[in-house]
Amino acid sequence: PRTAHHQREPLGMASSRPILASLIAVLACSAWSPRVEALGPVGDAVRNVLGRFGRDKSDWFDLVLLENDALKEGAVCLDGSPSGYWFRKGNQENKWLIFIEGGGWCYDERECLSRSRTFLGSSDAWPRDRPVDRPLFSADPKVNPTFYDWNIVNVGYCDGASFSGNVTDPVVVDGKKIYFRGARILDQVMRHVKEKQGLSGDVIMSGCSAGGLTTILHADKVAAQLSDVTTSFRAMPFSGFFPITPNFQGDPWFRVRADNVYKMQRVEPSLNEACLADNAHDHVRCFEAEHAYRYIKTPIFLINSLYDAWTVQNIYNITSDTVPAKDVPKVVPFLNERSRLVFNLIRGAPNYNNVSLSVSKRSGCHHHPVFADVHNAPLLLFSPQNKVGNGDFLHSCMTHCGGCCTDEGWDKVSVKGETVRDAIGRWVEGGNGNNVRTDDACVYTNGPPYQCNPTCPPFPPI
């Protein structure tokens, strides 16, 4: 059987593989919609033009391109165009949400050249204004009671490496120049927002997918850069926790790609110094969420699926093209084992020798134990989730970026009766001394309905 990865390709349904077919259907229906994955700011041009007439400015973002000093500093997209952000001014002068767009990585120079011709590598096609397109940004207090009147900075993503690269000279590929300057972009965006937009007071840095990983990797650095104007600074990543683990076929696919990006974009100088010192034998670890996460000093609230759709299709390489019929019965057990791994990498495991499953009498679902293998124990014992003021919302829906960017994921999906919207509200209102954590997420069953949380988007009929 083929084991190559097929990122973002259409996924077929295999009637002879009911378990895999239902899982793949979820990926095909929900994981790759630009709105669900929050890959970037591209909008419908016609809608943008028509929407300008009689519009409410509170429901629109205006583009700010970084030119002048930022260009002199080399803060440019892959193609050399100016980087930038969309801005919506709120009614609360001292409340700021900085949201970093996502869109994956480019894994080699040719991929980055191809990306430089798209909105994920160039600002040339970015709309000068665009409507609010996700509930996290809504100006309706009924939809978004926490952030509806905050200032929102929506940072465009065009560097291909979670705002981490910093290569001085352009790289020439097929006669074309491309630039690896993500770290400079992040620095210049924050400088501009502080100096030109008047950022001050309470700030939350957020993002989804590659933007969520950016938040994990760089929140402390941004907090230090803005420390002279902020009274509080916190981090809130969505779907940015990508485990470094062998895929379903046993190959270390994602680790190899992370290593490629790390070297190609010269990522090391932008990473956490304490992490680099502790991992002198393997600095790439500090470019990985599961290792960088433990070094975060910024108060953090992490929203993540334990069955993240992008992770399932890409890191685990579970698609209808890559799993032969004879291995289909192994898919759900594999996903459940990996979900336990992700849960404990996030939550921490002080009694990591306990490897048995507990059963909830209320629901009959198997729930995650506090479990990890001994190899990971030192990392787990220092999880940020053991720090006062940190929290998480961990769920079992096979989605990606649903928590911030779809109506269903924002205020319909719940864990023990609490939605993402309400959990975030409790954490924000509680201040840095309030821990908000969801219960242990349930695990999938080997037969219909597979999904164990009835508030998650259902698997389609088979």
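Since the model is a prediction, treat every value here as computed from it, not as a measurement.

Caption draft 1: Looking closely at the overall build of the chain. For the chain, the helix and strand inventory stands at 16 helices and 15 strands. Among the 462 residues that make up the chain, the fraction classed as buried is 61%. In the chain, 78% of the contacts between residues at least 6 apart in sequence involve partners at least 24 apart. When the accessible surface of the chain is totalled, it reaches about 18000 Å², and 52% of it is carbon and sulfur.

Caption draft 2: Summary view of the packing of helix H6 (residues 182-196) against helix H7 (residues 210-225). The contact between H6 and H7 brings their axes to 11 Å, and the two run at 45 degrees. As far as their axial angle goes, H7 and H6 are oblique. Both H6 and H7 take part in a crossing whose hand is right-handed. Only Thr214, His218, Val222 and Gln225 of H7 make contact with H6, whose side of the interface consists of Leu186, Asp187, Met190, Arg191 and Lys194. Tallied by class, the residues present in the contact of H6 with H7 amount to three nonpolar, three polar and three charged.

Caption draft 3: Expanded view of the nonpolar core. If you look at the biggest cluster of nonpolar residues, it comprises 115 residues, and the most contacted ones within it are Leu136, Met236, Phe238 and Ile424. Broken down by element, the residue count for this core peaks at nine residues, all from helix H12 (residues 331-347). Discounting residues that sit within four places of it in the chain, Ile424 has contacts with Phe147, Met236, Phe238, Phe301, Ile303 and Trp410. Listed in part, the 10 residues of the second largest apolar core include Leu113, Val167, Val171 and Ile178.

Caption draft 4: Molecular detail of the side chain of Ser414. By the secondary structure assignment, Ser414 is in strand E14 (residues 414-415). Judged by relative accessible area, which is 13%, Ser414 ranks as buried. Residues contacting Ser414, with those up to four places away along its chain left out, are Phe393, Thr419, Asn453 and Thr455.

Caption draft 5: Quick peek at the environment of Val323. For Val323, the position within the fold is in the loop between helix H11 (309-315) and H12. Sequence separation between Val323 and Phe248 is 75 residues, and the spatial gap between their C-alpha atoms is 8.3 Å.

Caption draft 6: Spotlight on the confidence of the model for the chain. Looking at the chain, pLDDT values average 83 and 78% of them are 70 or higher. Residue range residues 1-18 is modelled with pLDDT below 50. Its contacts to residues more than four positions away, or to other chains, number 48 contacts. Counting contacts from residues 25-54, a segment whose pLDDT is below 50, to residues more than four positions away or on other chains yields 72 contacts.

Caption draft 7: Local environment of the side chain of His218. Here His218 lies in helix H7. Not counting residues within four places of it along the chain, the set of residues in contact with His218 comprises Ser162, Phe163, Ser164, Leu186, Ser270 and Leu271.

Caption draft 8: Here's a closer look at the pattern of salt bridges. This structure, assessed with the given rule, holds 20 salt bridges. When salt bridges with common partners are traced through the structure, they connect Glu101, Arg130, Asp133 and Arg134 into a single cluster.

Caption draft 9: Fine view of the pairing of strand E1 (residues 60-65). Pairing of E1 with strand E4 (residues 129-131), which is carried by three bridges, proceeds in the antiparallel orientation. Bridge pairing in E4 places Trp60 opposite Pro131. The pairing of E1 with strand E2 (residues 84-88) spans four bridges and is classified as antiparallel. In the sheet register, Leu63 faces E2, and the bridge partner there is Trp86.

Conventions and cut-offs
- Residues numbered from 1 in each chain as written.
- Predicted model: local features only at pLDDT ≥ 70, side-chain atom pairs only at ≥ 80, totals over all residues.
- Heavy atoms only, no water.
- Helix = DSSP H or I, 4+ residues; strand = E, 2+ residues; numbered from the N terminus.
- Buried < 20%, exposed > 50% of the residue type's maximum accessible area, 1.4 Å probe, protein only.
- Contact = heavy atoms within 4.5 Å.
- Areas by Shrake-Rupley, 256 points an atom, 1.4 Å probe, with all protein chains shown as cover.
- Axes fitted to C-alpha atoms, helices over the stretch in contact; angles between N-to-C directions.
- Parallel < 35°, antiparallel > 145°, perpendicular 65-115°, else oblique.
- Left-handed = near helix turned anticlockwise from the far one by under 90°.
- Nonpolar A, V, L, I, M, F, W, Y, C, P; charged D, E, K, R; others polar.
- Core = buried A, V, L, I, M, F, W, Y, C linked by side-chain atoms within 4.5 Å.
- pLDDT = per-residue confidence, 0-100.
- Salt bridge = Lys/Arg side-chain N within 4 Å of Asp/Glu carboxyl O.
- Pairing = 2+ DSSP bridges.

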